[in-house]
Amino acid sequence: MFLIMAPVCMAKLGARLFVLFLCLTIHAGMLRFAAASIQGYFGDIGMSCPSVCRCDEDFIYCNDRGLSSIPSLPPSASVLYLQNNHINNPGLPTSLERHLSVRVVYLYDNELDEFPMHLPPSVRELHLQDNNIRTIPRTTLARMPLLEKLHLDDNSISTVSIEDQAFADNPRLRLLFLSRNHLSSIPSGLPASLEELRLDDNRISTIPTHAFRGLNSLRCLVLDGNLLANQRIADDTFSRLSNLTELSLVRNSLQTPPVNLPSAHLQRLSLQDNALTHMPRGSLDGMHRLQRLDLSGNNLTTLPRGLFKDLDSLGQLLVRGNPWHCGCNLRWLYDWLRARGNTITVRGLTCHGPDRVRDLALIDLGSEMEECEVVRLTGTKDKGAVGGVESSTTNAPPQGSLFTLRSKRPGFGFPDSGLDYTLSSSGVGKSLALNVKPLSHNSIRVTWSAAQPSSSFRLSWLRQGTGNAMESITETLVRGDRQEYLLTSLQPRSSYIICMVPLAVSSESKATISGDADSDEALVCAKAETSDLSSSEEEEDEDSHQITSLPLAGIIGGATATVSLALIFGVFCWYGHRTGHLCSRDHYTRSSSRKSKTYDDYIESGTKKDNTILEIRSPGFQMTPMPACPPMQPKPLREDYIIHTIFPSNGTGLYKGSNHVSNAGHGTNRGYREGGIPDIDYCYT
């Protein structure tokens, strides 16, 4: 009985153990599943740094990784460095919108063609420069209402591609960079919160009155490298910017500073690399806070007295690259700089003339300036003058200066166009002889000779309109040592009245006209008419045709002579070959050698003997018998062959060296050359 019960108990015990093991296994699996679920949940919350990036707390560095898309980012990321990659618009995942802790995004130097979407609404600073973005849509910018700084330099944005009121939903935007794009005008609808606007290196040529309307918070405006000229800037354009502290107009086409510059808070004014020839008196009035003034790279020769009277805070004056004429005209500036002492730094105020002070700094001309006869405020004057030229307190600069102003009310009258007389191309006055000559459709050459030396000449010209209508007068002061002047940028097929009057310095230190200023004796006028644009172009074309026809005829003649000589030489060679050399070259004089040994046709043909040639069927050499010479030849004939080169159809060579080239081009001779056969041998006959 005991023996019978023992196996049954053992079976039950085994079954129970199996069930217990099964339960434990299931329980362990459930625990693993729960642990994995919990770990995955918390892993999503605290996702680790992407493997291709480097993370430093909430700074994610994924720049310069060659990425084409943005990897999965941890939710704690606040600054994303994604520049210098290959990320395009499809590479921006929609999940990026859910990263609400992101505040700064660097996406410059990528491959974005459109303004990126799906950016987090929490972004405050966005760098998109050096892409190929073409448009600025309002809907995309509206997704980032907290945006404060937007960098869009070096893209392909034009004025028409900026959607109307594109920045209306960005009330916090303080900085906007649109440098090096394709803008032709100031973008409209800029937010009133804007404090810094950079539009340099575009194609902006015109600034209307309303361009900066409402931008009362603007402090920095950069318009370098555009096409701005004085005539295309409205008079009150910059006066609306009452809080402007920095204005940069570098590398434009300005002849004078724009009028009505904001003076209350302006601290930095940059006007270098323009075409400034004159600084009008009062152009810097009221700028008590100006700290830095840059006038480098212009054509300034002098500055009017009192120009810096309100520049109490000026600490840097940069005037390099100007042909300064250091006469008594700059005595006031010399005194002003000495009074300021070490409180101001001056760079580039080096004299270009007169010759005796050339390359000297103005501040070092102590003895020369003491000789000047300076006009005091009380009307008294000191003795002496530099170079015999007295100083002047008027706007007209002394000898050495040159500036052109357009005036609606000229200082002296022109001859009445309604009078019954005709001006010619030359005019002779009491002390001056004037001659004018049109050179092209837009230029006139003016020459003159004066009876007496003069400090300078005032040259004026105006274009006659239809009927008796007159346009505005253009005036320029020319140095007294010059005797000619070229008027450019004139209208084609137009009549111009050109007048000149010599100027001298009277005893009261005021520039006046030589002779009686109220009479017309000193004024000498002449008339000239520019040619038609089409006629001048035809004349230039005819001249150029005449000039170019001579070498062309020489080339054609030389080519004809060369071809003729080649044909004559070819006929001569063919005749000689036909008469005597075709068959005689096949008779060999070395009969003794033919008797002593068997002469090989391959060697005789100049080709190295190779039995593999006989095994080639399709590509290779073909041997064709030549017809024998006439039977009256005294010597026995041998069998002659012409070896024709047959190029393989697949471009491979017949002779292959040890280093076989598999990429021989179709239809080329590379296979033959690489097989050791020179070009002159594989076609040898």
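Each value, and the rule that gives it
- Residues numbered from 1 in each chain as written.
- Predicted model: local features only at pLDDT ≥ 70, side-chain atom pairs only at ≥ 80, totals over all residues.
- Heavy atoms only, no water.
- Helix = DSSP H or I, 4+ residues; strand = E, 2+ residues; numbered from the N terminus.
- Buried < 20%, exposed > 50% of the residue type's maximum accessible area, 1.4 Å probe, protein only.
- Contact = heavy atoms within 4.5 Å.
- Areas by Shrake-Rupley, 256 points an atom, 1.4 Å probe, with all protein chains shown as cover.
- Core = buried A, V, L, I, M, F, W, Y, C linked by side-chain atoms within 4.5 Å.
- Domains from an automatic or database assignment.
- Pairing = 2+ DSSP bridges.
- Disulfide = S-S within 2.5 Å.
- Patch = residues over 30% accessible without salt bridge, like charges linked within 9 Å, V, L, I, M, F, W, Y side chains within 5 Å.
- Salt bridge = Lys/Arg side-chain N within 4 Å of Asp/Glu carboxyl O.
- pLDDT = per-residue confidence, 0-100.

### What about the overall build of the protein?
Part 1: Secondary structure summary: the protein contains nine helices and 28 strands in total.
Part 2: Every one of the 685 residues in the protein was classed for burial, and the buried ones make up 38%.
Part 3: Nonlocal contacts in the protein, meaning residues at least 24 apart in sequence, comprise 55% of its contacts between residues at least 6 apart.
Part 4: In the structure as shown, the protein presents an accessible area of about 38700 Å², 53% of it carried by carbon and sulfur atoms.

### Examining the nonpolar core
Part 1: Ranked by internal contacts, the top residues of the largest apolar core, which has 93 residues, are Phe212, Phe238 and Phe308.
Part 2: A total of five residues in this core trace back to one element, the largest contributor, which is helix α3 (residues 331-340).
Part 3: When residues of this core are sorted by domain, at least three fall in each of domain 1 (48-203) and domain 2 (245-370).
Part 4: Leave out the neighbours within four places in its chain, and Phe308 touches Leu284, Leu293, Leu303, Leu317, Trp332, Leu333 and Trp336.

### Section: the pairing of strand β23 (residues 484-487)
Part 1: Alternating residues of β23 divide into Tyr485 and Leu487, all buried, and Glu484 and Leu486, none buried.
Part 2: Pairing analysis gives four bridges linking strand β20 (residues 443-450) to β23, with the strands arranged antiparallel. In the sheet register, Arg445 faces β23, and the bridge partner there is Leu486.

### Focus: the state of the cysteines
Part 1: Inspection of every chain in the model, using the stated rule, returns four disulfides.
Part 2: Two residues, Cys326 and Cys351, share a disulfide whose sulfurs are 2.0 Å apart. Note on the Cys326 and Cys351 pair: the S-S dihedral is about -100 degrees, so by sign convention the disulfide is left-handed. In this pair, Cys326 sits in the loop between β14 (324-325) and α3 while Cys351 sits in strand β16 (residues 351-353), placing the two residues 25 residues apart along the sequence.

### Comments concerning the side chain of Ser456
Part 1: Checked against the element boundaries, Ser456 lands in strand β21 (residues 456-463).
Part 2: By relative accessible area, which is 6% here, Ser456 ends up buried.
Part 3: Among all residues touching Ser456, those that are not within four sequence positions of it are Val478, Arg479, Gly480, Pro502 and Leu503.

### Comments concerning a nonpolar patch on the surface
Part 1: Taken together, Met10, Leu13, Leu17, Leu20 and Leu24 make up a surface patch of nonpolar side chains, about 530 Å² in accessible area.
Part 2: The topology assignment puts Met10 in helix α1 (residues 2-45).

### Topic: the pattern of salt bridges
Pairing of side chains with opposite charge becomes possible as their charged atoms draw close.
Part 1: In this structure the tally under the stated criterion is 16 salt bridges.
Part 2: For Asp201, the salt bridge identified is with Arg251, shortest N-O distance 3.0 Å. Pair noted here: Asp201 is in the loop between β8 (196-198) and β9 (220-222) and Arg251 is in the loop between β10 (246-248) and β11 (268-270), with a separation of 50 residues, a long-range link.
Part 3: We classify Arg251 as partly exposed; its relative accessible area is 37%.

### As for the environment of Ile473
Part 1: For Ile473, the position within the fold is in strand β22 (residues 473-479).
Part 2: Residue Ile473 is classed as buried on the basis of its relative accessible area, which comes to 7%.
Part 3: Ile473 sits eleven residues away from Leu462 along the chain, and the two C-alpha atoms are 4.9 Å apart.

### A closer look at α3
Part 1: Burial analysis of α3 places seven of its ten residues in the buried class, which makes it a mostly covered element.
Part 2: Those residues of α3 lying buried are Arg331, Trp332, Leu333, Tyr334, Trp336, Leu337 and Arg340.
Part 3: Where the residues of α3 are buried, they touch β15 (345-347) and α4 (366-370).
Part 4: Looking one or two places after α3, you find Gly341, whose phi comes out positive at around 65 degrees.

### A closer look at the confidence of the model for the protein
Low pLDDT means the predicted coordinates in that region are not meant to be read closely.
Part 1: This prediction gives the protein a mean pLDDT of 74; 65% of its residues lie at or above 70.
Part 2: Below a pLDDT of 50 lies the segment residues 38-46, which in the model reaches two contacts outside its immediate sequence neighbourhood of four places, other chains included.
Part 3: Counting contacts from residues 644-685, a segment whose pLDDT is below 50, to residues more than four positions away or on other chains yields 58 contacts.

### Description of unusual backbone geometry
Part 1: The omega angle of the peptide bond from Gly353 to Pro354 is -5 degrees, so this bond is cis rather than trans.
Part 2: Here Pro354 shows up in the loop between β16 and α4.
Part 3: We note that Glu57 has phi near 60 degrees; this positive angle belongs to a residue other than glycine.
Part 4: Structurally, the position occupied by Glu57 is in the loop between β1 (54-56) and β2 (59-61).
Part 5: Since its relative accessible area comes to 71%, Glu57 is described here as exposed.

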